[in-house]
Amino acid sequence: MQGLKNLRVIDFTSWIAGPYASKLFADANADVIKVETESGDPMRRYASSEEFLENRPGDSAFFQYLNANKRSVTGSPADAHIQELIASADLVIEDFAHGSDALKALDIDTLQQQYPQLVILSLTPYGRMGPYAHRPATEFTVQAESASTAMRGLATMEPFMAGGRVTDFIAGTYAAVAAGIAVRGAQRTGHGEYIDFSMIEVMNIASTIYVDLVFSLMGRPEIHGPMRQLEIPSIEPTKDGWVGFNTNSRQQFNDFLILIEKADWIGDEELASHWSRVFRYDEWNEAVHKWTKQRTTDEIIEQAALFRIPVAPVCNGKTVLDQEQFKARGVFETNPAGDFQQPRPPYKINGQRFRQLSAAPTLGEHNEKIEPREKPAPTVPSAERELPLKGIRVLDCAAWWAGPAVTQMFAMLGADVIHVESIHRFDGARTVVAMADGDDWWEKSHLFNGTNTNKRSLTLDLNHEKGMQAFKDLVKECDILIENFSPRVFENFGLTWDALREVNPQLIFVRMPAFGLDGPWRNHVGFAQTMEQMSGMAWVTGHTNDQSRIQRGTCDPLSGMHAAFAILAALAERDARGEGQFLECTMVEGALNASAEQVVEYTAYNHVLDREGNRSPYAAPQGLYACKTRRYQDDMGNDQEEEQFLALSVQTDAQWQALVSVLGNPGWAQDDRFAIHSGRRKHHDEMDEYLKAWVADKNLKDVVAMLLENNIPAATLLNGREAYQHEPFVARNFYEEVEHPIIGKHFISGMPFRFASRKGLRWIDTAAPTLGQHNHEILSELLNLSDKEIAELEAEQVIGTQPTGL
């Protein structure tokens, strides 16, 4: 297996996001060289509690998970031996602090001039360019500023972050895909790239479910008050624990009502809508819990699965190891250190993995042991610069969000993506509409319109002989075919790997099942919420005085980008072997890799990580603090108050001392218990009372400015209704105005990074397509069908532009 064997990656990053990005390259067989200072990556000595490190010598288990299959050297970007490594590299990844000596020594502008074929990836909280580039930040403040946190929670409680450092994993995965695509382009044309990646932007895409577009489609009405909600049904109590549901479609919701013996509620339109269901929260919970509390989790899963309702146990770092599907598929493996478990990479290519796991390197283990390597060829541009995936054609048979996220990324970077639906059964994402009134309601989904820009649309009825023939003819013209239905769907059509590679021996066939192509859960239905519940991501999300809650959406783009990266590796394998490749990219295993800390922590230290609300092992104090409310008048002319939250996150002792100074050096803050991080963690409740009192009468913007001036990570809690006009998004042209033939003009998020070669250029060329918008264009252009033949297909409802059965 070749994979990315011919790539060399120089990785200057530390902690999680950057190392996870380079981990994806290492897992796919790239030569990843980790460059560290003499003190090493701080993650080498990190665990959720310092006492664990005392009982387990050597590098931390989480570091070993993130950095397996890599090599380590020590030095500075200015050192001659590090410069030699850079000269031999295809990709350089950095996350240096803004204005730091290390960033100046790296000198990105000079590197671009010296090595025009080199790809350089900067992975930072706000991006290297823009008005917030200099701001100190943590994962917590990034979530707050991205509009993610404000969406999550009960109106009667403060909102809460998505737990488990998920921002770092989402950023690392997206960034790896962006870099991998750019490297592929550089290998073909000799044109390298500088990628300026923004973590705040990727979290806005991955965890707000295009909420800004929702309010744009509503006409941007003036709405005040908390916008946070909880999805119901979701995590519910059982006789012996907890079970997780979700009902994304009307059919699933109606089946759920039958399951809980409330069939009389079918047809209740207020309950049928997720947006209005929350207004009957207490009534709903009473009925659901009456049924779930009388049954065990296993009994409920068995019954719900018969209805094909997405359902899962709510696992943690201990119980996930005993989940039958994961045991049957051998998802967890022993780290070469020998004393803890970790998830394997979340994809297989032709039933295999690219390389076996090797131990993470000790600090400087490979000093003076890195073999020379010539500059990657071509060393000078050999062709015109173009989008790196130009010339790749993708047949996109995926639905909802995870699969379409893959193909949207490819479409943005130059691929010709044909989104395939049927007029008899269109993409389920089209049903996710906040305002479903009027004609053509299926064209008004914020989810579909947010996820399918730059694609073409083709409708085909695969149950019809002519539809199937047209589909197979299209397969001959495509490089990649991707689908994410339950395994039985494509197999029932006879569209197996053996059948498809007979049609096109060069095809890369990508399957994205929820739980895998084998095992006892093979045919279970699953969505992002299911993966969060089952992987442990939900276990570490929510307030301590409440229950575990889902993160709401993160697993779709997360699993999608894992699949996108796997496709890049498969393309490289095809280049090397000259033949097509079969990819299995399992959705839940992508989530397991992002929540790996829980399994690692339990098996290494016998510690089960739990939810902490808005707190984190990485920072203290950390939380949301209510500032002076903002006054406004309601529709009746009455004075009202709107909450305003400060997001504060103190990660270092130096930041703590700066905060003490901003506070005016009060006596309570001089207490020795607060002098170091472990003490502040232990006495967090006490600190919080003082901090709440300090901010209560202060203006939010003023206090954020004061803290940032003193290099303390702080942010406003951004309301998702206002994201399109948020200063860092506007400055980096993150939201792009797009005109759609049905819904008109709206701002839609582009990609969470900028290419230096595309300065001032947009990512979005075309709006998401209407149903069957490009039928004639595609069938005539690629299959050479005549107008008469296309008209016959339409008359027989093999193709069309209007759904049937509505």
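Relevant structure appears above.
Residues numbered from 1 in each chain as written. Predicted model: local features only at pLDDT ≥ 70, side-chain atom pairs only at ≥ 80, totals over all residues. Heavy atoms only, no water.

Asker: How should I be thinking about the nonpolar core in this particular structure?
Answerer: Nonpolar side chains in soluble globular proteins generally cluster together in the buried interior. Counting residues in hydrophobic clusters, the biggest one holds 160 residues, and the most contacted among them are Phe25, Met409, Phe410, Leu583 and Phe753. Counting residues per element, this core draws most heavily on helix α8 (residues 166-189), at 14 residues. With residues up to four places along the chain from it excluded, the contact list for methionine 409 reads Tyr174, Val177, Ile181, Met561, Met751 and Phe753. Membership of the second largest hydrophobic core comes to 30 residues, among which are Cys397, Leu507, Phe582 and Leu782. (Core = buried A, V, L, I, M, F, W, Y, C linked by side-chain atoms within 4.5 Å. Buried < 20%, exposed > 50% of the residue type's maximum accessible area, 1.4 Å probe, protein only. Helix = DSSP H or I, 4+ residues; strand = E, 2+ residues; numbered from the N terminus. Contact = heavy atoms within 4.5 Å.)

Asker: How do you make sense of the pairing of strand β16 (residues 480-483) when you look at a structure like this?
Answerer: Alternating residues of β16 divide into Ile480 and Ile482 and Leu481 and Glu483, and every residue in both groups is buried. Relative to β16, strand β13 (residues 393-396) is paired through three bridges, and the arrangement is parallel. Residue pairing for β16: leucine 395 is matched across the bridge by leucine 481. Sheet topology note: the β16/strand β17 (residues 508-511) ladder contains four bridges and is parallel. Its bridge partner lying in β17, isoleucine 482 is registered against valine 510. (Pairing = 2+ DSSP bridges.)

Asker: What exactly am I supposed to notice about the environment of asparagine 711 here?
Answerer: Along the chain, asparagine 711 falls in the loop between α29 (700-709) and β23 (714-716). Given the relative accessible area of 48%, asparagine 711 is considered partly exposed. For the pair formed by asparagine 711 and arginine 135, sequence separation is 576 residues and the distance between their alpha carbons is 7.4 Å.

Asker: What should I look at first to understand the side chain of threonine 238 in this one?
Answerer: Secondary-structure assignment places threonine 238 in the loop between β7 (235-237) and β8 (242-245). A polar contact of 3.1 Å, which involves the side chain of threonine 238, links it to the side chain of aspartate 240. Not counting the four nearest positions on each side in its chain, threonine 238 is found in contact with Val243, Thr292, Lys293, Arg295, Thr296, Thr297 and Ile300. (Polar contact = N/O pair within 3.5 Å; in protein donor to acceptor, adjacent residues only side chain to side chain.)

Asker: Can you walk me through helix α4 (residues 80-87) in this structure?
Answerer: Residues lying three or four places apart along an α-helix face the same way, a consequence of the helix completing one turn every 3.6 residues. Where α4 is concerned, the buried positions are Ile82, Leu85, Ile86 and Ala87. Structurally, α4 contributes buried residues whose contacts are with β1 (8-11), β2 (31-36), β3 (71-74), β4 (91-94), α5 (101-106) and α6 (108-114).

Asker: Explain the sheet that holds strand β6 (residues 193-198) here, please?
Answerer: Paired through their backbone hydrogen bonds, the strands of a sheet run either parallel or antiparallel. One open sheet accounts for seven strands, arranged β3-β2-β1-β4-β5-β6-β26; its pairing is mixed. Strands at the two margins of the open sheet, each flanked by one partner only, are β3 and β26 (753-755). Put simply, the sheet's adjacent strands are angled 20 degrees from each other on average, direction ignored. (Axes fitted to C-alpha atoms, helices over the stretch in contact; angles between N-to-C directions.)

Just geometry here; none of it tells us what the structure is for.
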